[in-house]
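Spelled out, the chains give:
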Amino acid sequence: QSNLSSQPPSASSTASSRLPTSSTAGALLNSDQMGLIQRMLEDGFKELKKELNSETRWLKNEIVKNTLQTEWNLEDGLKQIIERQSSLEERISTIEQDIAAIKNTL
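Residues numbered from 1 in each chain as written. Predicted model: local features only at pLDDT ≥ 70, side-chain atom pairs only at ≥ 80, totals over all residues. Heavy atoms only, no water.

Okay, the overall build of the protein chain next. The helix and strand inventory of the protein chain stands at three helices and zero strands. Scanning the protein chain from its N terminus toward the C terminus, one meets helices and strands in the order α-α-α. Total accessible area on the protein chain is roughly 9,200 Å²; 58% of this is exposed by carbon and sulfur atoms. (Helix = DSSP H or I, 4+ residues; strand = E, 2+ residues; numbered from the N terminus. Areas by Shrake-Rupley, 256 points an atom, 1.4 Å probe, with all protein chains shown as cover.)

So, about the pattern of salt bridges. For the structure shown, the criterion picks out one salt bridge. For E62, the salt bridge goes to K65, with nearest N and O atoms at 3.1 Å. Residue E62 and its partner K65 are both found in helix 3 (residues 31-105); the two are separated by three residues, about one turn of the helix. (Salt bridge = Lys/Arg side-chain N within 4 Å of Asp/Glu carboxyl O.)

Relative to the helices and strands, T56 is located in helix 3. The exposure class of T56 is partly exposed, given its relative accessible area of 32%. There is a polar contact of 2.7 Å between the side chain of T56 and the backbone oxygen of L52. (Buried < 20%, exposed > 50% of the residue type's maximum accessible area, 1.4 Å probe, protein only. Polar contact = N/O pair within 3.5 Å; in protein donor to acceptor, adjacent residues only side chain to side chain.)

Glancing now at a nonpolar patch on the surface. A cluster of nonpolar side chains, V64, L68 and W72, forms an exposed patch at the surface whose accessible area comes to about 280 Å². Mapped onto the elements of the fold, L68 is located in helix 3. (Patch = residues over 30% accessible without salt bridge, like charges linked within 9 Å, V, L, I, M, F, W, Y side chains within 5 Å.)

Between the first and last C-alpha of helix 3 there are 110 Å, a value that for 75 residues agrees with the 111 Å anticipated at 1.5 Å per step. Inspection of helix 3 places G35, G44 and E55 among the buried residues, and these make up the whole buried set. Here helix 3 starts with a cap whose side-chain oxygen sits 3.0 Å from the backbone nitrogen of D32, and that cap is N30. (Expected span 1.5 Å × (residues − 1).)

Attention now moves to the confidence of the model for the protein chain. Residues of the protein chain with pLDDT of at least 70 account for 75%, and the chain-wide mean is 83. The spread of mean pLDDT over the elements of the protein chain runs between helix 1 (residues 11-17), the lowest at 49, and helix 3, the highest at 95. Counting contacts from residues 1-15, a segment whose pLDDT is below 50, to residues more than four positions away or on other chains yields 14 contacts. (pLDDT = per-residue confidence, 0-100. Contact = heavy atoms within 4.5 Å.)

In structure tokens:
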């Protein structure tokens with residue numbers, strides 16, 4: 001999927017901004033032409049809606065993926081903290097034993 005910021009502006013939205021207003025268009029175009037333009041605009045709208053839905057699904061998937069990755073990173077960090085804590089507790093215990101042995105020899 002492409003990034004939203006890299007999406008070019010929609011051609012149909014650019015084209016629709018160049019159409020005359022409805023009151024002017026009625027005077028310039030017959031009903032067949034107006035119907036054709038309406039269908040073209042509706043088709044363009046449907047296509048934009050499909051693109052929006054696709055981008056929304058992609059964004060939701062990215063959010064889920066990034067959330068899971070964050071959870072895994074936090075779990076790994078917690079495991080490392082617990083391992084370090086255990087290692088420090090062992091070292092403290094060894095130092096306490098050494099201090100007790102030194103006191104006994106004095």
